[in-house]
Amino acid sequence: NDELAQFAYIASHDLQEPLRKISIFSQLLEKSMHERMDEVSRNYLDKINNSSTRMNRLIKDVLAYSQLVKESEIFAEVDLNRVIKNIQSDYDLLIEQKGAIIKYANLPVIEAIPLQMAQLFGNLIGNALKFAKKDPQPLLTISALKIESEEAAALSLLPDLEYYKIQFVDNGIGLKEEYAEQIFHIFQRLHRKSEYEGTGIGLAMCKKIALNHYGDINAIGSSEKGAVINVFLPVRQNQVRDDR
């Protein structure tokens, strides 16, 4: 895993330099040929720019995925209400453009890696906004409750830990039940990139973050009327880490 992370890091950085040159020279070409460029040439240049932008986003996502290593991170008390508040601030323009409503209250404080919680919640909220419908008004409801030991056992979670189920329920385009596991695999996309932006890494990152915290994530209960994403996270981490 360490060697794979190093390879991804080096490869990503090595790819960024030629990609940067592609972007710069395409901009210079567009500037120098602006008045003389016909419609066909402009269309080709737009495709180059769009592809380089997408490649840049893909490289950054691969790099972020490779850096999700739990052993070197510091766990701390994380207030999930504050995490969502910060993400709302980051997405304020998109929320306004979509006319979306995000409802949440009384979310717990858990022991976690703060940055990874921001990545986890940011990806899930971003997905809900991305796949929102114009009608009805986009609504995302986030709630949390402690799960019983029977449910934890059924999910193969650690028996000695208390877990919260944090549920994300939206009224967007949803997904079919047969794709409920596939969406958490890296590079898996259910829609063409011309329909929705994305690299197919966001939900895979969510899965890896949940596993980093001895938790899990699933999409049981999703439908075409909206998606239901369940994230299972332990209240405390110290006990299991001390034991191991």
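Residues numbered from 1 in each chain as written. Predicted model: local features only at pLDDT ≥ 70, side-chain atom pairs only at ≥ 80, totals over all residues. Heavy atoms only, no water.

(A) Expanded view of the pairing of strand E4 (residues 139-146). Relative to E4, strand E2 (residues 101-104) runs parallel, the two sharing four bridges. By the bridge assignment for E4, Tyr104 is matched with Ile142. Pairing of E4 with strand E5 (residues 163-170), which is carried by seven bridges, proceeds in the antiparallel orientation. Along E5, the bridge assignment pairs Thr141 with Val169. (Pairing = 2+ DSSP bridges. Helix = DSSP H or I, 4+ residues; strand = E, 2+ residues; numbered from the N terminus.)

(B) The arrangement of the confidence of the model for the chain in detail. Per-residue pLDDT for the chain averages 82, and the proportion of residues at 70 or more is 80%. Averaged pLDDT values for the elements of the chain fall to 56 in helix H8 (residues 238-243) and rise to 96 in E2. In this model residues 191-196 is a low-confidence stretch, pLDDT under 50, and it forms eight contacts with partners more than four residues away in sequence or in other chains. (pLDDT = per-residue confidence, 0-100. Contact = heavy atoms within 4.5 Å.)

(C) Representation of the packing of helix H5 (residues 114-130) against helix H7 (residues 202-212) in the model. In contact at an axis separation of 9 Å, H5 and H7 are set at 145° when each is read in the N-to-C sense. Relative to H7, H5 is oriented so that their crossing is left-handed. Within the contact between the two elements, H5 uses Gln116, Met117, Gln119, Leu120, Asn123, Leu124 and Asn127 and H7 uses Gly202, Leu203, Met205, Cys206, Ile209 and Asn212. Residue composition of the contact of H5 with H7, grouped by class: seven nonpolar, six polar and no charged. (Axes fitted to C-alpha atoms, helices over the stretch in contact; angles between N-to-C directions. Left-handed = near helix turned anticlockwise from the far one by under 90°. Nonpolar A, V, L, I, M, F, W, Y, C, P; charged D, E, K, R; others polar.)

(D) Quick look at the pairing of strand E7 (residues 228-234). Burial within E7 is extensive, with seven of its seven residues counted as buried. A two-sided burial pattern is seen for E7, the buried positions comprising Val228, Asn230, Phe232 and Pro234 on one face and Ile229, Val231 and Leu233 on the other. Relative to E7, E5 is paired through seven bridges, and the arrangement is antiparallel. Looking at E7, one finds that Tyr163 is bridged to Pro234. Pairing geometry for strand E6 (residues 216-218) and E7, over three bridges, is antiparallel. Directly across from Asp216, in E7, lies its bridge partner Phe232. (Buried < 20%, exposed > 50% of the residue type's maximum accessible area, 1.4 Å probe, protein only.)

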